[in-house]
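Here's the letter readout for the chains.
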Amino acid sequence: MSDSLRADASLTITPHAAPVNADPLARPSAPCQRPDTVSIAASATVSLDLHLPGALRTVEQDAAATLPPHTLMARAGEAIAHWLYGRLPALASAGKQPVLLLAGPGNNGGDAYIAALALHRRGVSVDVWQLSAPVADDARWALAEAQAAGVSVRPAPPTWPEPRAYAWIVDGLFGIGLSRAIDGAAATLVRNIAHAHEHGTPVLAIDIPSGLYASTGMADGPVIHADVTIAMLGACPGLLIGIGRDVAGEILVARLGADAALARHDSALSTSAPDAFIGNMPRRRHASHKGSYGSLAVLGGQEGMIGAPLLSARTGLMAGAGRVYVGFVAHDAPAWDPMHPELMLRQAENLDLATMQAVCVGPGLGTSAASAACLSRALALEHTPLVIDADALNLLAAEPSLAERVRRRAGPTVLTPHPLEAARLAGCDVARIQSDRLASARTLAQHFGATVVLKGSGSLVDDGARTWINTTGNAALATAGTGDVLTGAIGALLAQGMPATQAALAAVWLHGRAADRCVQAGAGPAGLTASELLPAIRAEHCALTPSAQAARHRISA
């Protein structure tokens, strides 16, 4: 069984028959998927549970205890072969171009042996290179089964053949238990695979690309760059954070018929998708007015940084807030916004924050005495939902008394640090934050009693008890101002009455979806500006609004 986390537009369950090709050079016309394959897009409506390596091993032991010996490995190898066979060029599926499978000493190697056996039985020519002899019982059984069926297994050679010699390379070298850099002969082999991959040979990784750490998405040495990763039973977070999204390619999850065991082990870690927040999305009723959707204030804009709070405020409008105010720290700030004259611009000290349903503080705030005073006014709001971003976070890191006031707040608080801001808050360096993003987000959330959005590749939302990894978005977001846009989106959803964690989840998801929409339309990833995200956020937000969905349903009926 393979459940697939892919960049499709929706969740689908689609059986396919094995393809037939008249052209020996053509790829199959329709990929061959198992009937129970689920494709879960980065934009899917359903979250996917993720598992740390230790938890996944517990699930495996639980599932194996109810099955005949070697069943899970047999299913894993068959799932790999079944998926791969449907993607082979016709020359390979006819046995005229080999598939290379690389086997390490653990269960990943065992999965590779069984996959080689299943492909061999389908008439595919396979080469199996063994990094070292198997050490696990299941893997030894798998090797014996493959050799008994006539699959040739030999030690990995020190040199690589012609780069395009193989139709596919299957990486079964190291799995989710890897905790150190790959070195020696294994490192040479990984570099040879990289050479072949650069010359066009596609790579499939079993469980995780070898060299990538399953818990953190980091690597201290050479790492496989895969086109596809098939994770057995469940996916580890390292596939979606750190460098994971750059090296894992398309991520598939093969549950191997172990749904009951997975259900018995509840995970407090998952991908983020609309099912995590859709029930709290604000409804747009006909009998409503601007006051129905809340007043949002954005505080910031020191001299030279006026644009940051304007970006946040403009996003607040696009994300549905009924009224949006900007409070500038700078005294030479503009009196109105010609792009959006709907915004109400004031000096920060002249805004009546007590009348707001949500306040964002930090975009372009600066760290002057006036900036600190502005943050202090925001923190005086005991119960008003508050988003703290950018320089406001730096002030918290520099002023322990301000940080303590955040901890004592009764109202909802959302912190939105990027890694450097998180490092300042935690009193460490960026490398420490990035080496374990999950632990870093959890520590900050619990320390401040807040919902934390740790931005980056695979942005994290953590409420102190549960973590979600966002799978929307792309490299177009690596440009100035996109963080200000995110702050405004969170603030607007808070102003409309969403709980803090659900507002953060929704805003982060919509922010990434907007970037995806822009890139699909040809705007980016290089050169996308933060302002271009705003109408895309509005479009994505409206697509999720319950009243809009209900209206579409009535019309279609």
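Only a predicted model underlies this, so the values are computations on that prediction, with no experimental measurement involved.

1. Description of the UniProt feature "binding site: AMP" (unreviewed entry) in the protein chain
Here is step 1: When the UniProt feature table is mapped onto this chain numbering, "binding site: AMP" (unreviewed entry) sits at Lys455, Gly456, Ser457, Gly458, Ser459 and Gly483. Look at the named residues: they lie 29 residues apart in sequence, but the longest C-alpha span between them is just 14.3 Å, so in the fold they bunch up.
Here is step 2: Relative to the helices and strands, Gly458 resides in the loop between strand E18 (451–454) and strand E19 (460–462).
Here is step 3: Overall, Gly458 belongs to the buried group, its relative accessible area being 2%.
Here is step 4: For Gly458, the contacting residues outside a window of four places in its chain are Leu240, Ile241, Arg245, Arg437, Ile469 and Asn470.
Here is step 5: On the secondary structure map, Ser459 appears in the loop between E18 and E19.
Here is step 6: Setting aside anything within four residues of it in sequence, one finds Ser459 in contact with Arg437, Leu454, Trp468, Ile469, Asn470 and Val508.
Here is step 7: Separated by 3.1 Å, the side chain of Ser459 and the backbone oxygen of Gly456 make a polar contact.

2. Overview of the packing of helix H10 (residues 369–379) against helix H11 (residues 391–398)
Here is step 1: Interaxial distance between H10 and H11 falls to 10 Å at its minimum, and their mutual angle equals 95 degrees. In terms of orientation, H10 and H11 fall into the roughly perpendicular class. Seen from H10, the contacting residues are Ser371, Ala372 and Leu375; seen from H11, they are Ala392, Leu395 and Leu396.
Here is step 2: Among the residues making up the contact of H10 with H11, the classes are represented as 5 nonpolar, 1 polar and no charged.

3. Notes on the pattern of salt bridges
Here is step 1: Overall, the coordinates contain 11 salt bridges when judged by the stated rule.
Here is step 2: Taking the shortest distance from any N to any O, the salt bridge between Arg513 and Glu540 comes out at 3.2 Å. Residue Arg513 is found in helix H17 (residues 500–520), and its partner Glu540 is found in helix H18 (residues 533–544); the two are separated by 27 residues along the sequence.
Here is step 3: The class of Glu540 is buried, set by a relative accessible area of 6%.
Here is step 4: One continuous salt-bridge network, built from bridges that share partners, spans Arg513, Arg517 and Glu540.

4. Structural notes on the packing of aromatic side chains
Here is step 1: Counted according to the given criterion, the structure contains 4 aromatic pairs.
Here is step 2: Geometrically, the ring pair formed by Trp83 and Trp168 is edge-to-face, given 5.8 Å between the ring centres and 90 degrees between the ring planes. Here Trp83 is found in helix H2 (residues 71–85), whereas its partner Trp168 is found in the loop between strand E6 (153–155) and strand E7 (169–172), with 85 residues between them in sequence.
Here is step 3: Note on Trp168: relative accessible area 6%, which makes it buried.
Here is step 4: Three or more aromatic residues link up through ring pairs in this structure, and these residues are Trp129, Trp160 and Tyr166.
Here is step 5: Geometry around Tyr85 places Arg122 over its ring, the cationic atom sitting 5.9 Å from the centre.
Here is step 6: Here Arg284 stacks its cationic end above the ring of Tyr293, 3.5 Å away from the centre of that ring.

5. Some words on the nonpolar core
Here is step 1: By size, the foremost hydrophobic cluster in this structure holds 105 residues, and its most contacted members are Val99, Leu204 and Ile388.
Here is step 2: Once residues lying within four places of it in the same chain are set aside, the contact partners of Val99 are Leu84, Leu88, Leu119, Val124, Ser125, Val126, Asp127, Tyr166, Ala167, Trp168 and Val170.
Here is step 3: Grouped together as the second largest cluster of nonpolar side chains are 41 residues, Val453, Trp468, Ala503 and Leu544 included.

Cut-off values and rules
- Along each chain, the written sequence defines residue order, and numbers are assigned to residues from 1.
- It should be noted that, the model being predicted, local features are given only for residues of pLDDT at least 70 and side-chain atom pairs only at 80 or more, the latter also being counted only at that level, while totals for whole chains, interfaces and linings use all residues.
- Just so you know, side-chain values use all the structure's heavy atoms and leave hydrogens and water out.
- UniProt positions are given in the numbering used here, feature names are shortened, and annotations may be inferred rather than shown by experiment.
- The helix count covers DSSP runs of H or I at least four residues long, the strand count covers runs of E at least two residues long, and both are numbered beginning at the N terminus.
- Think of it in three bands: residues with accessible area under 20% of the maximum for their type are buried, residues over 50% are exposed, and the middle band is partly exposed, with areas taken using a 1.4 Å probe on protein chains only.
- Throughout, a residue-residue contact means that at least one pair of heavy atoms, one from each residue, lies within 4.5 Å.
- Think of a polar contact as two N or O atoms within 3.5 Å of one another; within protein, one of them needs to be a possible hydrogen donor and the other a possible acceptor, and neighboring residues in sequence only count if both atoms come from side chains.
- Structural elements are reduced to axes, namely lines fitted to C-alpha atoms, with helices fitted over the stretch in contact, and the angle between N-to-C directions of any two is expressed from 0 to 180 degrees.
- Each angle receives one of four descriptions, namely roughly parallel if under 35 degrees, roughly antiparallel if over 145, roughly perpendicular if within 65 to 115, and oblique otherwise.
- Note that Gly is not counted as nonpolar here; it falls among the polar residues with everything else outside the nonpolar set of Ala, Val, Leu, Ile, Met, Phe, Trp, Tyr, Cys and Pro and the charged set of Asp, Glu, Lys and Arg.
- Every case where a carboxyl oxygen of Asp or Glu lies within 4 Å of a side-chain nitrogen of Lys or Arg is listed as a salt bridge.
- A pair of Phe, Tyr and Trp rings is counted when the ring centres sit within 6.5 Å of each other, with Trp represented by its six-membered ring. The angle between the planes then sorts it: under 30 degrees is stacked, over 60 is edge-to-face, the rest tilted.
- For a lysine, the NZ atom is tested; for an arginine, the CZ atom; a charge sits over a ring if that atom is within 6 Å of the ring centre and within 35 degrees of the ring normal.
- Only buried residues count toward a nonpolar core, which is a set of Ala, Val, Leu, Ile, Met, Phe, Trp, Tyr and Cys residues joined through side-chain atoms within 4.5 Å.

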